[in-house]
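Listed below, chain by chain, are the residues.
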Amino acid sequence: MLFGVSFEVQPGCTGLLGPNGAGKSTLIKTLLGQLPLRPGRVAVADRDPAADPLRVRQSVGYMPESDVYLPGQNGLELCAFCGQLSGMRRADAVSKAHEVLYFVGLGESRYREVDGYSTGMRQRLKLAGSLVHGPALLFLDEPTTGLDPSGRDEMLQLIDDVAHKRSINVLFSSHILRDIEQTCDHVVVLNEGRVLFSGSRNEFQNQESRTLHVKVKEGRERMAEGLRSAGFEVISREGTGHLEVALSEDQRIEAVWKTARDLGLQIRHLAPATVSLEQAFEKAVDEGTSG
Amino acid sequence: MSHDDARIYDQSYRPFAGDLASPRSRFLIIAANELRQAWKSKWFKRIAWFSFGPLIVFAVLVVVAARFAALGGQMEDVWMPFWGIQMFFAMLMVFFIGRGAVGEDLRTGALTVYFSRPVSFMQYLAGKWLAVAVGVLGVTLVPGVVLAIFRWLAEPDTGLLDFLLWLGSLLLISGLAALCMGWVILAVSALSGRARAAGIVWVVLFFVSFGIGEGLAEATGIYELNALGFGQASEQLARGLLGGGGTLGEVFWFSLGQLGWALLGLVVVLFKLRRWMRV
């Protein structure tokens, strides 16, 4: 079930984050018009998937999570068939299938029957099948499932390439945060069918960070003492030369500036400490669940 | 330099920028793909060619019958035995085209391949059925029409109206056979899951229904019970409509028998694919 879900997919690669059962696959199926939306409104490529699902599916590509193939066909036939199903003429579909299979690294195996493909090859084939008709938007549902570390890296490089060099916008659903961190510019965080965050990945990581890095020109220890007196929790990092200032919910960043001014110190650097996507995600989900 | 550093990526892929056809005719693509896959089997090709063998034999028989009739003799009508043989070929064609049509899609998750693309549920079903129907019509209607033309030319007493009636009857009988066999094999395929199992069940069902229909008809004396066997029903229809040896009531019952099988098959297919019906 999805509740009050509202977001826009930005150009580039958008990560759809959420724990298992958060509603990621349900959301993608809704965007494909495979599940009804009552009530609500979705627009994919300026079309409503509920009203015109076939046109929507024509303009998007979808790489499902599960292992799907048509038995008895080789990679080229399957990929070309996917193109034809999307509306390409047979000659175009075959020509593009050759091209996209080389692109995903299956050029040498394209005449082999899909039944004999390894898991990694099938993942690549699914990506090729979703790309063959040149979609404007690509939905990837857990594309690195079942891949070994090198296969995962190669898949992520392909996704990065598609999103940033081929002008195909990607909605990348995964619960593997490292994959999202490596490829996505934007994130949509889902939990229990609700959107917890939608925006740029950096913004998400910074938003979830309640720690500031502060550097003053001179008088680091005085600044630390001043901040502690003002009620902040402060850690002095000797090696980096900056102070780590943890903000509680009711403390505001202006108080740091005021402390420096009162002490007559000059702030050279003040920025939110970068947290990993995993830390930011866990925090957002915890807050979302408790809130 | 490590192996990874030396990896060469093909950068030639560019997203397709041409026009995409309207989604209305996807069933034709599905049907063509099914036939293309069946054509890969050497046995399918052989049977397709062999299915035109009886046409040559019966063409000779038509000439012999015409000469014999000119001499005052009378021969058994050729339509019913011809149709019986062609129905056997139709059963084999259906075996190759339809045995994995739905079941293999269910087993391998291929339905996701179809329904994440601009293909509606009805187009999917229509495409799967059409592939089987083309196979059935290819070995029944096509040689039937050729034989009708040959007979019309060989028999000077046959008028244009008779010829047109033959064509209409051929269209009806082969259409009913395609409807019935198409939906039954799709149902068998959907229930069996694997192509091999579905193929065996299909052949058994064809002969068992034939035997049950004929056995019951003989035991009870109710001739119309032959309609229980879908191969037999089609053969009896050929006798009734083409050979002029049946009553209107018999034609009705044999048509109804085949429509009943088709409806049963359709209901089973819809039941097995019910979760995809909304897409």
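Rules and cut-offs
Residues numbered from 1 in each chain as written. Chains lettered and ligands numbered in written order. Predicted model: local features only at pLDDT ≥ 70, side-chain atom pairs only at ≥ 80, totals over all residues. Helix = DSSP H or I, 4+ residues; strand = E, 2+ residues; numbered from the N terminus. Buried ≥ 20, exposed ≤ 12 C-beta atoms within 10 Å, placed from the backbone. Contact = placed C-beta atoms within 7 Å. Expected span 1.5 Å × (residues − 1). Axes fitted to C-alpha atoms, helices over the stretch in contact; angles between N-to-C directions. Parallel < 35°, antiparallel > 145°, perpendicular 65-115°, else oblique. Left-handed = near helix turned anticlockwise from the far one by under 90°. Nonpolar A, V, L, I, M, F, W, Y, C, P; charged D, E, K, R; others polar. pLDDT = per-residue confidence, 0-100. Domains from an automatic or database assignment. Pairing = 2+ DSSP bridges. Core = buried A, V, L, I, M, F, W, Y, C linked by C-beta atoms within 7 Å.

Concerning the overall build of chain B
Along its length, chain B carries 12 helices and 0 strands. Mapped in sequence order, the helices and strands of chain B form the string α-α-α-α-α-α-α-α-α-α-α-α. Projected onto the principal axes, the alpha-carbon positions of chain B cover approximately 95 × 40 × 35 Å. Across the 279 residues in chain B, those meeting the buried criterion constitute 46%. Taking all contacts inside chain B whose residues are at least 6 apart in sequence as the whole, residues at least 24 apart take part in 76%.

Overview of helix 1 (residues 26–39) of chain B
Given 3.6 residues per turn, any residue in an α-helix points the same way as the ones three and four places further on. Counted at 1.5 Å a residue, the expected span for helix 1 of chain B with its 14 residues is 20 Å, and the 20 Å between its end C-alpha atoms agrees. Of the residues making up helix 1 of chain B, those classed as buried are R26(B), F27(B), I29(B), I30(B), A31(B), N33(B), E34(B), Q37(B) and A38(B). Those residues of helix 1 of chain B that are buried lie in contact with helix 3 (75–85) of chain A together with helix 2 (42–50), helix 4 (79–98) and helix 7 (121–139) of chain B.

Description of the packing of helix 9 (residues 160–192) of chain B against helix 10 (residues 195–220) of chain B
Residues and elements named next belong to chain B. Interhelical geometry of helix 9 versus helix 10 gives an angle of 135° and a closest axis separation of 9 Å. Comparing the axis directions of helix 9 and helix 10 gives the class oblique. Along this stretch, helix 9 crosses helix 10, giving a crossing that reads as right-handed. Of the residues in helix 10, those touching helix 9 at I185, V188, S189 and S192 are A197, A198, V201, W202 and L205. Looking at side-chain class alone, the contact of helix 9 with helix 10 contains 7 nonpolar, 2 polar and no charged residues.

Some words on the confidence of the model for chain A
Residue-level pLDDT values for chain A average 86, and 95% of them are 70 or greater. Within chain A, no element has a lower average pLDDT than helix 11 (residues 277–290) of chain A, which sits at 72, and none a higher one than helix 3 of chain A, at 96.

Comments concerning the domain arrangement of chain A
Partitioning chain A into domains gives domain 1 (13–205) and domain 2 (210–273). Centre-to-centre, using C-alpha coordinates, domain 1 of chain A lies 45 Å away from domain 2 of chain A.

Let's talk about the sheet that holds strand 5 (residues 186–191) of chain A
Each strand in a sheet pairs with another by means of backbone hydrogen bonds, the pair being arranged parallel or else antiparallel. Residues and elements named next belong to chain A. Strand order in the open sheet made by the 6 strands is 2-3-4-1-5-6, with mixed pairing throughout. Each edge of the open sheet carries a strand with a single partner, namely strand 2 (60–63) and strand 6 (194–200). Between one strand axis and the next, the sheet turns through 15° on average, direction left out of account. Taken together, the 5 bridges between strand 1 (residues 13–17) and strand 4 (residues 169–174) define a ladder with parallel strand orientation. Pairing of G15 across the sheet is with F172, part of strand 4. Running at roughly 165° to strand 2, helix 5 (residues 119–131) makes contact with strand 2 and strand 3 (137–141) of the sheet. Across the sheet, helix 6 (residues 149–165) lies against strand 1, strand 3 and strand 4, angled at about 150° from strand 4, the strand it touches most.

Here we look at the nonpolar core
Counting 142 residues, the largest nonpolar core has C79(A), V94(B), V136(B) and M181(B) as its most contacted members. Ranked by residues supplied to this core, first place goes to helix 9 of chain B with 16 residues. The residues touching V94(B), leaving out its near neighbours within four places in the chain, are V132(B), G135(B), V136(B), M181(B), I185(B) and W202(B). Ranked by size, the runner-up nonpolar core spans 10 residues in total, among them V214(A), M223(A), F232(A) and V256(A).

Observations regarding the interface of chain A and chain B
The interface is formed by 34 residues belonging to chain A together with 29 residues belonging to chain B. Counting residues per element, the ones that place at least two in the side of chain A that touches chain B are helix 2 (53–59), helix 3 and helix 4 (90–103) of chain A. With 6 residues, helix 4 of chain A is the single largest residue contributor to the side of chain A that touches chain B. For the side of chain A that touches chain B, a count of residues per class yields 17 nonpolar, 11 polar and 6 charged.

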